[in-house]
Amino acid sequence: MNTTIAACSTAPGAGAIGIVRMSGPEAIFAADFFFHPKGSARFADLKPRTVYYGEFTDKNGQILDLCTAVFFKAPNSYTGEDIVEIDCHGSQALIAEILTCLFEYGVKPALPGEFTKRAFLNGKIDLASAEAVIDLITAQNAAAVKNAASQLKGSLGDKLKRVRQELLNLVSHFYAVVDFPDEGVDPFLISEATKTLISSTKQIEQLLRTYNRGRFLKEGIPVVILGKPNVGKSSLLNALCGEDKAIVTPYAGTTRDIVEAKLRTTGSLLSLMDTAGIRESGEEIEKIGITRSKQAVEKAQFAIAVFDGSRPLDENDREVIDLCRQISSIAVVNKSDLIKKLDLSQLEKTFEKIVEVSAKTGDGLSLLEEALSEKTGLNQDFSDSLITNIRQAEALRGALDRLTEASNSIETGITPDAVVMDIEGALFHLGEITGETVKEEIISNIFSRFCVGK
Ligand code: GDP
C-alpha cells in the first residue's frame with residue numbers, strides 16, 4: 001500500500017460541501033502543493049487534526065476554490081495512513097478539477113471501498129466492523145442505523161474475539177502438553193475442554209439466533225398482503241408506498257404474481273408482498289398465483305388481510321381469515337369511502353387489530369402505518385449486535401458444526417488430538433468473520449460492494 005489514493009467521498013450532485021479524500025504516503029505533500037492556508041505557513045508544516053482555511057489552486061496558480069483542509073498523520077487516521085480531507089464547495093465540476101490536479105501530481109484514483117479496505121489491512125478495524133460501514137451507509141431505517149453503528153464500534157468483533165480466545169487457550173494448552181511433556185504443564189483435561197465447548201457453543205448459538213431479526217432489519221420484515229381479488233390489495237400497496245408498484249385494474253385476478261415493495265415505518269423497514277387474490281379459480285395462471293400466495297404466507301413474518309368494507313364477507317374472505325390463523329396479522333377493511341356493508345364483529349374473533357381505510361382517498365392510512373409500526377417494530381437493545389449478513393451467519397454455522405463434532409468426539413471417547421482439530425476448524429470459521437483467517441477473494445468481494453470514496 002505504497003500508493004496514495006484519492007476520491008470524492010460525498011454523494012454525486014450539487015451540494016453545499018464536497019469532500020475529496022486522500023490516503024497514503026504522498027497525501028500531505030500533494031495537498032501542500034495545491035492548498036495554500038491563509039497566512040504564510042505551509043500546509044505540511046501545520047498541526048494535524050486542525051481545520052485550515054485557504055485557497056486551492058491548480059499547478060499554474062489558478063484559483064479553483066476557497067475551502068478548508070485537514071490532515072491526519074499515520075497511524076492515527078481512519079486508514080492508518082496519512083490522510084487529507086479537502087472540504088470544498090459541492091460542485092461536481094470543481095471536485096473533478098481538484099481530482100485532476102491530484103491525479104496529475106501522481107495520486108491514484110481510489111477503488112470502491114479502498115479507504116476502508118486499507119483501514120482493515122492496516123489493522124484499524126476488523127472485517128465485521130468494515131462490513132458495518134457499508135451497512136451504516138445503506139441503512140434504510142433507524143433500527144438498522146443503530147445496529148450498524150454498534151457493530152462498527154466493535155460489538156460483534158469483541159464478542160467473537162472473546163469466544164476465539166477461550167478456544168485458542170484450550171488449543172494452546174493441548175499443544176503445550178504435547179510439545180513439552182517434561183515441563184510440568186498442567187495435564188490437558190477433557191472435562192476442561194467440555195466446559196469451554198459448552199460455553200462457546202452457547203454464545204455462537206445466541207448470535208446465530210439474531211440472524212433472522214438482523215436480516216429483517218436490513219432487507220425488511222417480510223409482510224404479505226392477503227385478500228380475495230378486487231378488495232384493493234394493489235391499491236393499498238401503492239397508497240402505502242406512494243408509487244405505482246403494483247398493477248391496479250377493475251377486473252378480478254389481475255395480480256397474478258407477487259409484487260414486492262419496501263415501506264419504511266417509524267420502527268422498521270417492511271418488505272410488502274402483494275399476492276394474487278385468494279379465491280377458488282378454474283383458470284390455470286390464477287391457480288398458480290393462489291398457490292404462490294399461500295407460499296408467501298409461509299415466508300412472511302406478518303400478514304395484512306384486506307377486506308372490501310362495501311360488501312358482506314363471503315366464502316373467499318373466510319378462506320383468507322383461515323389462512324391468517326397461521327400467522328400474526330392485522331385486518332384492513334378497505335373502501336371506507338363507500339357505504340359499509342361488512343360486519344366488523346365477524347373479523348374481531350380472528351384479528352386483534354382492525355383498521356378501516358380507503359386506499360382511494362388515503363383515509364385511515366396513517367392509522368394503518370401506526371398499527372404496522374406497533375406490530376412489527378424491532379424493539380431492540382443495540383448494545384448487542386444482530387447478525388445481518390449471510391456470510392457471517394454461514395461462518396457461525398460452520399463454527400457451530402465443528403464445535404458439535406468436537407463435543408461428539410469427546411462423548412465417543414475419540415482422542416484429544418481429533419477434538420483439537422475440530423476446535424481449530426471452528427477457530428478458522430470465527431476468524432472468517434473478524435478477518436483473521438479470511439481469503440483474499442472474499443475480502444475483495446466485500447469491499448467491491450462499497451462506493452468509491454469510502
Ligand atoms: P386487488 O385485486 O385486491 O389488488 O384490488 P385492486 O387494488 O386492483 O382494486 C380493485 C378495484 O377496487 C379497482 O377498481 C380500484 O380502483 C378499486 N379500489 C381500491 N381501493 C379502493 C377504495 O378505497 N375505494 C374505492 N371506492 N375503490 C377502491
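Quantities reported herein were computed from a predicted structural model and do not represent experimental measurements.

### Structural notes on the sheet that holds strand β10 (residues 269–274)
Spatially, β9-β10-β8-β11-β12-β13 is the arrangement adopted by the 6 strands of the open sheet, whose pairing is mixed. Edge positions in the open sheet fall to β9 (259–264) and β13 (354–356), since each of these has one partner strand only. Strand-to-strand twist of the sheet, defined as the mean angle between neighbouring strand axes without regard to direction, takes the value 25°. The sheet contact formed by strand β12 (residues 329–334) and β13 spans 3 bridges and is parallel. Looking across to β13, one finds that A331 is bridged to I354. Sitting on the sheet, helix α13 (residues 365–376) is in contact with β8 (221–226), β9, β10, β11 (302–308), β12 and β13, with an inclination near 155° to β11.

### A word on the nonpolar core
Residues L167, I204, L396, I423 and L430 are the most contacted members of the largest nonpolar core, which totals 31 residues. Among the secondary structure elements, those contributing two or more residues to this core are α6 (155–179), α7 (190–209), α14 (390–411) and α15 (416–434). The biggest single contributor to this core is α14, with 8 residues. Those residues within four positions of I204 in sequence are excluded, and the remaining contacts are V163, L396, A399, L400, L403 and L430.

### A few points about the packing of α7 against α14
One can describe the packing of α7 onto α14 by two numbers: an axis separation of 10 Å at closest approach and a directional angle of 155°. Judged on the interaxial angle alone, α14 and α7 are roughly antiparallel. Relative to α14, α7 is oriented so that their crossing is left-handed. Contacts between α7 and α14 involve I190, A193, T194, L197, S200, T201, I204, E205, L207 and L208 from the former and A393, L396, R397, A399, L400, L403, A406, S407 and I410 from the latter. Taken together, the residues of the contact of α7 with α14 break down into 13 nonpolar, 4 polar and 2 charged.

### A look at the site of the ligand
Around the ligand, a shell composed of 18 residues is seen, among which N230, K233, S234, S235 and D337 lie nearest. Taking D337, its side chain carries an N or O atom lying 2.8 Å from a nitrogen atom of the ligand. Relative to its unbound accessible surface of 590 Å², the ligand loses 85% to contact with the protein. When residues in the shell around the ligand are grouped by element, the largest group, 3 residues, is from helix α9 (residues 233–241). Of the residues belonging to the shell around the ligand, the class tally is 6 nonpolar, 7 polar and 5 charged.

### Focus on the environment of A418
With respect to the element layout, A418 can be found in helix α15. The partly exposed category is assigned to A418, whose relative accessible area is 25%. Taking C-alpha positions, A418 is 67 Å from G309, a pair spaced 109 residues apart along the chain.

### As for the packing of α9 against α13
Contact geometry of α9 with α13 gives a least axis separation of 11 Å together with a crossing angle of 85°. As judged from the angle between their axes, α9 and α13 are roughly perpendicular. Each of L236, A239 and L240 in α9 lies in contact with α13, whose residues at this interface are L365, L368 and E369.

### Observations concerning the pairing of strand β2 (residues 15–23)
Bridge count for strand β1 (residues 5–8) against β2 is 4 bridges, and the pairing is antiparallel. In the sheet register, A7 faces β2, and the bridge partner there is R21. Counted along the chain from β1 to the antiparallel partner β2, the turn is 6 residues long, and its residue G13 has a positive phi close to 110°. As paired strands, β2 and strand β6 (residues 83–90) are joined by 8 bridges and run antiparallel to one another. Each residue of the ladder has a partner; that of M22, found in β6, is V84.

### Describing unusual backbone geometry
With an omega of 5°, the peptide bond between A74 and P75 qualifies as cis. Here the phi dihedral of R49 falls at roughly 60°; this positive angle occurs in a residue that is not glycine. As for its placement among the helices and strands, R49 is situated in the loop between β3 (35–37) and β4 (52–57). Residue classification places R49 among the exposed residues on the basis of a relative accessible area of 55%.

### What about the domain arrangement of the chain?
Annotation of the chain at the domain level lists domain 1 (5–110), domain 2 (129–210 + 386–448) and domain 3 (217–376). Using C-alpha coordinates to define each centre, domain 1 is positioned 41 Å away from domain 2.

### A look at the packing of aromatic side chains
Counting across every chain of the model gives 10 aromatic pairs. Where F33 meets Y105, the ring centres are 5.6 Å apart and the plane angle is 50°; that geometry is what we call tilted. Of the two residues, F33 is situated in helix α1 (residues 27–34) and Y105 in helix α2 (residues 92–105); the sequence distance between them amounts to 72 residues. For F33, a relative accessible area of 45% corresponds to the partly exposed category. With a centroid separation of 5.3 Å and 80° between ring planes, the pair formed by F174 and F188 is classed as edge-to-face. Of this pair, F174 sits in helix α6 while F188 is found in the loop between α6 and α7, placing the two residues 14 residues apart along the sequence.

### Observations regarding the pattern of salt bridges
Going through the model one piece at a time under the given rule, you end up with 20 salt bridges. The partner of E131 in a salt bridge is R391, and the shortest N-O contact between them spans 2.9 Å. Within this pair, whereas E131 is found in helix α4 (residues 127–138), its partner R391 is found in helix α14, the two being separated by 260 residues in sequence. R391 carries the same exposure label as E131, and that label is buried. The shortest N-O distance in the salt bridge between R325 and D322 comes to 3.2 Å. Its relative accessible area of 55% is what places R325 among the exposed residues. Residue classification places D322 among the partly exposed residues on the basis of a relative accessible area of 44%. Because the salt bridges share partners, they merge into one network encompassing E81, E114 and R118.

Conventions we followed
- Residues numbered from 1 in each chain as written.
- Predicted model: local features only at pLDDT ≥ 70, side-chain atom pairs only at ≥ 80, totals over all residues.
- Heavy atoms only, no water.
- Pairing = 2+ DSSP bridges.
- Helix = DSSP H or I, 4+ residues; strand = E, 2+ residues; numbered from the N terminus.
- Axes fitted to C-alpha atoms, helices over the stretch in contact; angles between N-to-C directions.
- Contact = heavy atoms within 4.5 Å.
- Core = buried A, V, L, I, M, F, W, Y, C linked by side-chain atoms within 4.5 Å.
- Buried < 20%, exposed > 50% of the residue type's maximum accessible area, 1.4 Å probe, protein only.
- Parallel < 35°, antiparallel > 145°, perpendicular 65-115°, else oblique.
- Left-handed = near helix turned anticlockwise from the far one by under 90°.
- Nonpolar A, V, L, I, M, F, W, Y, C, P; charged D, E, K, R; others polar.
- Near = heavy atom within 4 Å.
- Polar contact = N/O pair within 3.5 Å; in protein donor to acceptor, adjacent residues only side chain to side chain.
- Areas by Shrake-Rupley, 256 points an atom, 1.4 Å probe, with all protein chains shown as cover.
- Domains from an automatic or database assignment.
- Phe/Tyr/Trp six-rings, centres within 6.5 Å; stacked < 30°, edge-to-face > 60°.
- Salt bridge = Lys/Arg side-chain N within 4 Å of Asp/Glu carboxyl O.

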